[in-house]
Amino acid sequence: MKPVKQSQKVPINNFKAEELASRDQHTPREKERIAAMGKKMNKRPPKLFGKQDGDALKIQKAEGDDWGLLAAGLCEALGSADPEVQSAFIDQIKLFKKLDMDGIREINTALAILHDINPANSLEGMLAVQMVGVHKLALEMMRRTVVVGQSPENIDRNVNRASKFLRIFTAQTEALQKLRGKGQQKMTVEHVHVYQGGQAIVGNVEHKGGEGSE
């Protein structure tokens, strides 16, 4: 590898994580962080590519990508291995009017977020797609609140809209956790002993009796 001048900015993707982690200037803790990054890089989200076909722009796999890895990545990001379900979910995350290269980048950004959410099935996939859409709408309403020159009434209107979307997002997050079994509370009662007189003792009880005791 050619030496790099200090003034040049080198994208991290030009390196392998193992190569970075082996450098002497890194501390053991820094090497652990780089190695953890490498694991995520090895399991990267799916990337789609837009190819011009006359006046239309067709979506296909990115150049040089493997079809098998693309299919696996889409399954991990959308929660379903069915091509029809995957296609429907991709259509639903198109929150733009014109399918151009900016639109392709927006799809890939959404797929990367969905890949991190890692839905386990179509139900979680539907919820995750909704979460991506609600997050974007919430930020759009927040952006509109700081537009210069608008009336206080319009600012309040956008704040209220943003607040509603943020509450929906919180509810969606809680729903996803419940689907994954992380929102349930468990209580265990080992033993209940009720003695004469109506007194109850909960838990393990040791009773040492003398001669003639029960």
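Criteria and thresholds
- Numbers given for residues are sequential positions, taken from 1 along each chain in its written order.
- Only residues with pLDDT of 70 or above have their local features reported here, since the model is predicted, and side-chain atom pairs are shown and tallied only from 80 upward, although totals for entire chains, interfaces and linings are computed over all residues.
- Note: side-chain values were computed over all heavy atoms of the structure, leaving out hydrogens and water.
- Comment: elements are numbered from the N terminus, with helices defined as DSSP H or I runs of at least four residues and strands as E runs of at least two.
- Think of it in three bands: with a 1.4 Å probe and only protein chains considered, a residue is buried below 20% of the maximum accessible area for its type, exposed above 50%, and partly exposed in between.
- The contact definition used throughout considers only heavy atoms, calling two residues in contact when any of these lie within 4.5 Å.
- The Shrake-Rupley method, run with a 1.4 Å probe sphere, supplies the accessible areas, and residue values consider only the shown protein chains as cover.
- pLDDT is a per-residue confidence score from the predictor, ranging from 0 to 100.
- What counts as an axis is a line fitted to C-alpha atoms, over the stretch in contact for a helix, and the angles between N-to-C directions run from 0 to 180 degrees.
- Here the angle decides the label: under 35 degrees means roughly parallel, over 145 means roughly antiparallel, 65 to 115 means roughly perpendicular, and every other value means oblique.
- Each helix crossing is assigned a hand: it is left-handed if the near helix lies turned anticlockwise from the far helix by less than a right angle, otherwise right-handed if that turn is clockwise.
- When residues are grouped by polarity, Ala, Val, Leu, Ile, Met, Phe, Trp, Tyr, Cys and Pro land in nonpolar, Asp, Glu, Lys and Arg in charged, and all others, Gly among them, in polar.
- By definition, a salt bridge exists where a carboxyl oxygen of Asp or Glu is found within 4 Å of a side-chain nitrogen of Lys or Arg.
- Within this scheme, the nonpolar core is defined by two criteria: the residues are buried Ala, Val, Leu, Ile, Met, Phe, Trp, Tyr or Cys, and they are joined through side-chain atoms within 4.5 Å.
- Any pair of nitrogen or oxygen atoms within 3.5 Å is treated as a polar contact; in protein, a donor-acceptor pairing is required on top of that, and neighbouring residues in sequence qualify only through side-chain atoms on both sides.
- What makes a patch is a set of residues exposed beyond 30% relative accessible area and free of salt bridges, joined within 9 Å when like-charged and within 5 Å when nonpolar (Val, Leu, Ile, Met, Phe, Trp, Tyr).
- Neither His nor the chain ends contribute to the count of charged residues, in which Lys and Arg are positive and Asp and Glu negative.
- Taken as the charge location is NZ of Lys, CZ of Arg, CG of Asp or CD of Glu.

A. Representation of the overall build of the chain in the model. Counting secondary structure elements, the chain contains 7 helices and 4 strands. Sequence-ordered secondary structure for the chain, helices as α and strands as β, is α-α-β-β-α-α-α-α-α-β-β. Burial analysis of the chain (214 residues in total) assigns 25% to the buried set. In the chain, the share of contacts with a sequence separation of at least 24, taken over all contacts with a separation of at least 6, comes to 50%. As displayed, the chain has an accessible area near 16,200 Å², and 53% of this comes from carbon and sulfur atoms.

B. How the structure looks around the confidence of the model for the chain. Scored by pLDDT, the chain comes out at a mean of 78, with 69% of its residues at no less than 70. Predicted confidence is poor over residues 1-12, with pLDDT under 50, and the contacts of this stretch with residues over four places away or in other chains come to 6 contacts.

C. Fine view of the packing of helix α6 (residues 122-145) against helix α7 (residues 152-179). Orientation of α6 relative to α7, taken along the N-to-C sense of each, is 160 degrees, at an axis distance of 8 Å. On the basis of their axis angle, the class for α6 and α7 is roughly antiparallel. As for how α6 packs across α7, the hand of that crossing is left-handed. Class assignment for the residues of the contact of α6 with α7 results in 18 nonpolar, 6 polar and 3 charged.

D. How the structure looks around the pattern of salt bridges. On inspection of all chains with the given rule, the structure shows 5 salt bridges. Residue K136 pairs with E106 through a salt bridge whose shortest N-O separation is 2.1 Å. One end of the pair, K136, is in helix α6; the other, E106, is in helix α5 (residues 101-117), and 30 residues separate them in sequence. Using a relative accessible area of 34% as the deciding quantity, one classes K136 as partly exposed. Where E140 meets R144, a salt bridge forms, and the shortest distance between an N and an O atom there is 3.0 Å. You can see E140 and its partner R144 sitting in helix α6, 4 residues apart, about one turn around the helix. The class for R144 is partly exposed, based on a relative accessible area of 34%.

E. Looking closely at the nonpolar core. L78, I93, L111 and L114 are the most contacted members of the largest nonpolar core, which has 19 residues in total. If you list the elements that add at least two residues to this core, you get α3 (67-78), α4 (83-92), α5 and α6. Dropping the residues within four chain positions of it, L111 is found in contact with P45, P46, L48, L74, A77, L78 and I93.

F. Local environment of the side chain of N158. Summarising the element assignment, N158 is placed in helix α7. Taking relative accessible area as the criterion, N158 reaches 3% and is therefore assigned buried. Side-chain polar atoms of N158 contact the side chain of Q150, separated by 3.5 Å. Beyond its immediate sequence surroundings of up to four residues, N158 is in contact with M141, R144, T145 and Q150.

G. Structural detail: a positive patch on the surface. A cluster of basic side chains, namely R157, R161, K164 and R167, defines a positive patch on the protein surface. As for its placement among the helices and strands, R161 is situated in helix α7. What makes R161 partly exposed here is its relative accessible area of 36%.

H. Fine view of unusual backbone geometry. Phi is positive for N118, which is not a glycine, with a value near 55 degrees. If you trace the backbone, N118 turns up in the loop between α5 and α6. For N118, a relative accessible area of 38% gives the class partly exposed.

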